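Residue strings, one per chain:
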Amino acid sequence: MLVQIFQESAKMGSAVRVAELNAGPKIPLVGLGTSSINQNPEEIKTAVATALEVGYRHFDTATLYSSECALGDALKEACLKGLVAREEVFVTTKLWCEDLDDPVSALRTSLENLQLEYVDLYLIHWPLRVRKGFSFPIFKEEDFLPLDLESTWQGMEQCVHLGLTKAIGVSNFSCKKIGDLLSHAKISPAVNQVEMHPLWQQKKLRDYCSKVNIHVSAWSPLGGPPNAHGSNDVMDNPDIKEIAEKHGKTTAQVILRWGLEQGVSVLPKSYNKGRITQNFQVFDWSLTAEDHSKISRLEQKKTITGHEAVNSTTSPYKSVEELWDGEI
Ligand code: A2P
């Protein structure tokens, strides 16, 4: 039913389903999330090379993830081998909270890491500003600096004017924070990248973003890595498992297909060839209205609340509710 939202990009090859961003570029709807928290550079390079072979043309990284260099190496190798051209690949990276006063310099560093002349999308990673050298995820009293998103956004806009990125956007922004940004932005954010999966569906935020023509991308669309007990409430959900069995698909495929049918792009992470492959096999089948109805009734619970950033008297947010402007 919602298959009309998929466009095919002639430039990117007919297998790549894309959505058009307000800034012009087309964003492929399935991207590979990269993060090196438990991975070494070689594993990241292999995952990216595998994904390119499978047909992925969208890669998501961030200064925080320490995966920019490995992603850049893998893309360069693929380009040199003639497997893909730079303009066929969509690369997103993110401005880390330590760099909010100078997005241009931060993006230049990311571009060096990535060995690229431009990225396709540059996002403010979090609406937080901290001093350089703080040790994430431990926020101390002295770490927070006053937030000035208006001046940070001007720096982001400068990145577009300098040709360092095709589009700019935000991540982990509430409706309220986007509204505030729109009140002074000369270039509207193209994307808001947020946690989204069947147990954190973001209906209000998606409706708002659609109204103001901002595309939503889902990070941790599978609910993130397993917890300390080896389980993941999203992947282990019995209703989703039942839907998967009925369609002869895996739970992950049902979850990703659900995201696509909500009109968002999804950024699953995997370092396993079989799972990278299956996560891309989500285009030639669809969920039923009954499946959607069942998923829409699932109890909601956000996985990443950002609680670490609200326990300090110097934080601009005194509670998780303030961080998300009550949208939690
Ligand atoms: P792995 O790298 O071993 O595949 P998210 O993208 O929501 O953050 O989830 C990432 C986690 O989900 C990783 O632990 C990843 O592990 C796992 N994962 C990715 N794809 C699948 C899949 N198709 N089936 C099961 N687990 C998956």
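This text follows the structure it describes.
Keep in mind that this is a model prediction, so the values were computed, not measured.

Draft legend 1. Representation of the site of the ligand in the model. Near the ligand there are 17 residues, and of these L222, G224, K269, S270 and R275 occur at the shortest range. Q278 is positioned with one of its side-chain polar atoms (N or O) 3.0 Å from a nitrogen atom of the ligand. With the chains in place, 81% of the 570 Å² that the ligand exposes on its own is no longer accessible. Of the residues assigned to the shell around the ligand, the class counts are eight nonpolar, seven polar and two charged.

Draft legend 2. Up close: the packing of helix α3 (residues 103–114) against helix α4 (residues 149–161). Running from N to C, α3 and α4 point in directions that differ by 45°, and their axes come no closer than 8 Å. Considering the angle they form, α3 stands oblique to α4. Contact with α3, carried on its side by P103, V104 and L107, involves T152, G155, M156, Q158 and C159 of α4 and no other residues of that element. Grouping the constituent residues of the contact of α3 with α4 by class yields five nonpolar, three polar and no charged.

Draft legend 3. Representation of the pairing of strand β8 (residues 165–171) within the structure. Counting buried residues along β8, six of its seven residues qualify, which places the element largely inside the surrounding structure. Handedness of the strand β7 (residues 119–124)-α4-β8 crossover: right-handed. Sheet analysis places β8 next to strand β9 (residues 191–195), joined by two bridges and oriented parallel. Within β9, the position partnered with V170 by the bridge is N192. A crossover connection joins β8 to the parallel β9 through helix α5 (residues 175–182); in handedness this β-α-β unit is right-handed.

How each quantity is defined
The numbering scheme is per chain: residues are counted from 1 as the chain's sequence reads. Thresholds applied to this predicted model are a pLDDT of at least 70 for local features of residues and 80 or more for the giving and counting of side-chain atom pairs; totals over whole chains, interfaces and linings are not thresholded and use all residues. Hydrogens and water are ignored here; the side-chain numbers use all heavy atoms of the structure. Here, proximity means that at least one heavy atom of the residue falls within 4 Å of the molecule or strand. Definition of a polar contact: a pair of N or O atoms within 3.5 Å, with one able to donate and the other able to accept a hydrogen when the atoms are protein atoms, and with sequence-neighbouring residues admitted only if both atoms are side-chain atoms. Residue exposure ignores everything except the shown protein chains as possible cover, and the areas themselves are Shrake-Rupley values with a 1.4 Å probe. Amino acid classes used here: Ala, Val, Leu, Ile, Met, Phe, Trp, Tyr, Cys and Pro are nonpolar; Asp, Glu, Lys and Arg are charged; the rest, including Gly, are polar. Between N-to-C directions, angles span 0 to 180 degrees; the directions come from axes that are lines fitted to C-alpha atoms, helices contributing only their stretch in contact. Runs of H or I in DSSP of at least four residues are treated as helices and runs of E of at least two as strands, each being numbered from the N terminus. Geometric relationships in this document are graded by angle, where less than 35 degrees denotes roughly parallel, more than 145 denotes roughly antiparallel, 65 to 115 denotes roughly perpendicular, and other angles denote oblique. Contacts were defined at the residue level, with two residues in contact if any of their heavy atoms lie within 4.5 Å. A 1.4 Å probe rolled over the protein chains alone gives each residue an accessible area, and that area as a share of the maximum for its type sets the label: buried under 20%, exposed over 50%, partly exposed in between. For the handedness criterion, the strands are oriented away from the viewer, and a crossover whose path from the first strand over the helix to the second runs clockwise is classed as right-handed. When DSSP finds two or more bridges between a pair of strands, those strands are recorded as paired.

By themselves, these are just geometric observations and shouldn't be taken as functional.
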